[in-house]
Amino acid sequence: MKPSLFDGIPNKDFLDGTGLQFKSVTTRKYLCAESGGGTIIVANRTAASGWETFSLWRLNKDTFRFRVFNKQFVGLDGINVVAVSNISTDSLTFHVVKESGNSSRVRIKASNGYFLQAKTEDLVTADVSEVKGWGDDDPSVFVMTIGGRMQGEFQVTNGYGPSKAPQVMKEHWSTFIVEDDFKFIASNGLNAVRIPIGWWIASDPTPPPPYVGGSLNALDKAFLWAQKYGLKIILDLHAAPGSQNGFEHSSSRDGSQEWGKTDENIQQTVQVIDFLTARYAKSPSLYAVELINEPLSPGVTLESLSKYYKAGYEAVRRHSSTAYVVLSNRLGPSNPRELFPLANGFTRSVIDVHYYNLFQDVFNDMNVQQNIDFINNNRSSQLSFVTTSNGPLTFVGEWVAEWQVKGATKEDYQRFARAQLDVFGRATFGWAYWAFKNVNNHWSLEWMIKNGYINL
């Protein structure tokens, strides 16, 4: 397996969005943002969940801000530790001082030079200046556990920092997907690629930090290769400013979802679509523009999404009358046909749905046959529900031959893939596999084809 892009990051356990939990050795309880944030920090919780998790903002390899459940930042009120401000720059910065390399015992040193201590269960202060030893009787000592991690482009580039990130990303862009891949794709019965893009591409080669220049050059090369091998390109705005779903793949810094909340934010996103369409409208390979990937309900409202889709559609049409415009359905609670009224007013519009037998508890205990039946029955009827003779075209824009089944055979995987190909083949715009290359074999269409798991 190739080394991960994350392996070389200094202090790589402390990346943006990493969730930390701290258990006081003296109270034997966890630090907690009371009420999830907006008031004091206490040290009185016996178990750790959301309110007891502190999300990192990385300033450099040793200096961090802490953000709590309700999105306030940890700071001071006098010597008392609180989480009341929503403005990052109002907050304290912290160093996490480890007992030793592999120890989970830490002290938290605030930017005022003092260490935090759990004075009592209900009083956490930053007023310890001299420390010695790491005993169980020292209120400035905590046992740290690392909860969730995020591994997106924000974490990579901010992790390496401005001097190292450009070379790391340049190396990645020049080696990860190359011309030979396009040749392979074209010679294996595929006719298009869906390329995920981050909003900062529109300000390449000098995007806002921590992002680095080079993504636009990589996309330009993809268009040249696609043209050479007769492939079409679906441009997919996968990361919108502020993050439309809070996931690492939309480049959220810390799990926050801020996209679509203001007209300025929507306008900024429309400008990215305008930029991309203007640049590639004359390329014979431009097939479709997907205005945003996987907006998440209820954080993204139907109202703000519709406003954006209308403006984004108009931006595409300013430069191209032929490119399809792809509207991604919302994830989360939503009606699969909710975009129909809008899409029906557009020409060459497509609804994108993503079908994974993953990420929901209902799949956890399904066996091989139950997974295949789910494709043939449930997925089939879901796709039929959004596929209408006079409505928008339908696109299964993401699927994968992976599941929760343990110990499945190659033949099991082949049957599962075949069932999905049969059902998703009925989508009137087609389908796209996530992904072409991946360190996890079943998520790599290249590996699945080369090893005979998928035959197209």
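Keep in mind it's a predicted model, so treat the numbers as computed, not measured. (Residues numbered from 1 in each chain as written. Predicted model: local features only at pLDDT ≥ 70, side-chain atom pairs only at ≥ 80, totals over all residues. Heavy atoms only, no water.)

Engineer: Which residues make up the pattern of salt bridges, and what values go with them?
Structural biologist: For the coordinates displayed, the defined rule picks out 24 salt bridges. With a closest N to O distance of 2.7 Å, D138 and R107 form a salt bridge. You can see D138 sitting in the loop between β11 (123–128) and β12 (142–146) and its partner R107 sitting in strand β9 (residues 105–110), a full 31 residues away along the chain. With respect to class, D138 is no different from R107; both count as buried. Among the charged side chains, a network of salt bridges with common partners joins R194, D236, E290, D352 and E398. (Salt bridge = Lys/Arg side-chain N within 4 Å of Asp/Glu carboxyl O. Helix = DSSP H or I, 4+ residues; strand = E, 2+ residues; numbered from the N terminus. Buried < 20%, exposed > 50% of the residue type's maximum accessible area, 1.4 Å probe, protein only.)

Engineer: Tell me about the packing of aromatic side chains, residues and numbers included.
Structural biologist: Between two aromatic rings, the relevant description is the distance of the centres plus the angle of the planes. Tallied over the entire structure, the rule returns 31 aromatic pairs. Arranged with centres 5.9 Å apart and planes meeting at 85 degrees, the rings of F154 and Y211 form a pair that is edge-to-face. Placement of the pair is F154 in helix α1 (residues 153–160) and Y211 in the loop between β13 (192–198) and α4 (215–228), with a sequence separation of 57 residues. In terms of burial, F154 and Y211 fall into one category: buried. Summarising the aromatic geometry, the rings of F184 and F436 are spaced 6.0 Å apart at their centres and angled 55 degrees between planes, so their arrangement reads as tilted. Here F436 lies in the loop between β19 (430–431) and α10 (445–450) and F184 lies in helix α3 (residues 179–186), a separation of 252 residues in the sequence. We classify F436 as buried; its relative accessible area is 14%. The lysine or arginine in question, R107, covers the ring of W134, its NZ or CZ lying 4.3 Å from the ring centre. Cation over ring: K450 sits above F184, and NZ or CZ is 5.3 Å from the ring centre. (Phe/Tyr/Trp six-rings, centres within 6.5 Å; stacked < 30°, edge-to-face > 60°. Lys NZ or Arg CZ within 6 Å of the ring centre and 35° of its normal.)

Engineer: Break down the packing of helix α5 (residues 263–280) against helix α6 (residues 302–319) for me, citing the residues and quoting the values.
Structural biologist: Close contact between α5 and α6 brings their axes to 9 Å; oriented N to C, the two are set at 25 degrees. The orientation of α5 with respect to α6, classified from their angle, is roughly parallel. The two elements α5 and α6 meet at a crossing, and its hand is right-handed. For the pair α5 and α6, the contacting residues are D263, I266, T269, V270, I273, D274, T277 and A278 in the first and S304, K307, Y308, A311, G312, A315, V316, R318 and H319 in the second. (Axes fitted to C-alpha atoms, helices over the stretch in contact; angles between N-to-C directions. Parallel < 35°, antiparallel > 145°, perpendicular 65-115°, else oblique. Left-handed = near helix turned anticlockwise from the far one by under 90°. Contact = heavy atoms within 4.5 Å.)

Engineer: Can you lay out the pairing of β12 for me, pointing to particular residues and giving the numbers?
Structural biologist: Note that strand β1 (residues 19–24) and β12 share 5 bridges and pair antiparallel. Note on β12: the bridge partner recorded for L20 is I146. (Pairing = 2+ DSSP bridges.)

Engineer: Report on the UniProt feature "domain: DUF7910" (unreviewed entry) in the chain, specifying residues and quantitative values.
Structural biologist: What UniProt calls "domain: DUF7910" (unreviewed entry) maps, in this numbering, to residues 11–146. Each end of residues 11–146 is marked by a C-alpha atom, and these two atoms are 13 Å apart; helix forms 0% of the span and strand 46%. (UniProt positions renumbered as here; feature names shortened; annotations may be inferred.)

Engineer: Got a sec to walk through the nonpolar core? Specific residues and values, please.
Structural biologist: One finds L219, L235, L291, Y308, Y309, L327 and I454 to be the most contacted residues of the largest nonpolar core, which totals 82 residues. Counting residues per element, this core draws most heavily on helix α9 (residues 410–424), at 7 residues. Other than its neighbours up to four places away in sequence, L327 contacts L291, Y309, L339, A343, F346, V350, I351 and D352. Formed by 27 residues, the second largest nonpolar core is a distinct cluster that contains L20, A43, F94 and L116. (Core = buried A, V, L, I, M, F, W, Y, C linked by side-chain atoms within 4.5 Å.)

Engineer: Can you explain the domain arrangement of the chain? Please cite residues and give values.
Structural biologist: In terms of domains, the chain is made up of domain 1 (18–148) and domain 2 (153–451). Taking only C-alpha atoms into account, the centre of domain 1 sits 38 Å from that of domain 2. Across the contact, 6 residues belong to domain 1 and 6 residues belong to domain 2. Of the roughly 590 Å² buried between domain 1 and domain 2 on both sides combined, carbon and sulfur atoms contribute 30%. When the area that domain 1 buries against domain 2 is broken down by residue, the three leading residues are W57, R58 and K71, summing to 71%. Scanning the region where domain 1 abuts domain 2 turns up 1 salt bridge. Taking the shortest distance from any N to any O, the salt bridge between D254 and R67 comes out at 2.8 Å. For the pair domain 1 and domain 2, the interface holds 7 residue pairs in polar contact (both at pLDDT 80 or more). (Domains from an automatic or database assignment. Buried area = accessible area lost by both parts, 1.4 Å probe. Polar contact = N/O pair within 3.5 Å; in protein donor to acceptor, adjacent residues only side chain to side chain.)

Engineer: So, the side chain of T157: which residues are in play, and what are the values?
Structural biologist: Here T157 shows up in helix α1. Of the residues examined, T157 reaches a relative accessible area of 1% and is grouped as buried. There is a polar contact of 3.5 Å between the side chain of T157 and the backbone oxygen of P210. The contacts of T157, once residues within four sequence positions are left out, are A165, M169, P210, Y211 and V212.

Engineer: Go over unusual backbone geometry with me, naming the residues and quoting the values.
Structural biologist: Between P209 and the following residue, P210, the backbone shows a cis peptide bond with an omega angle of 5 degrees. By the secondary structure assignment, P210 is in the loop between β13 and α4. With an omega dihedral of 10 degrees, the bond running from W434 to A435 counts as a cis peptide bond. Its place among the elements puts A435 in the loop between β19 and α10. Even without being glycine, N11 reaches a positive phi, approximately 55 degrees. Of note, N11 is situated in the segment before β1.

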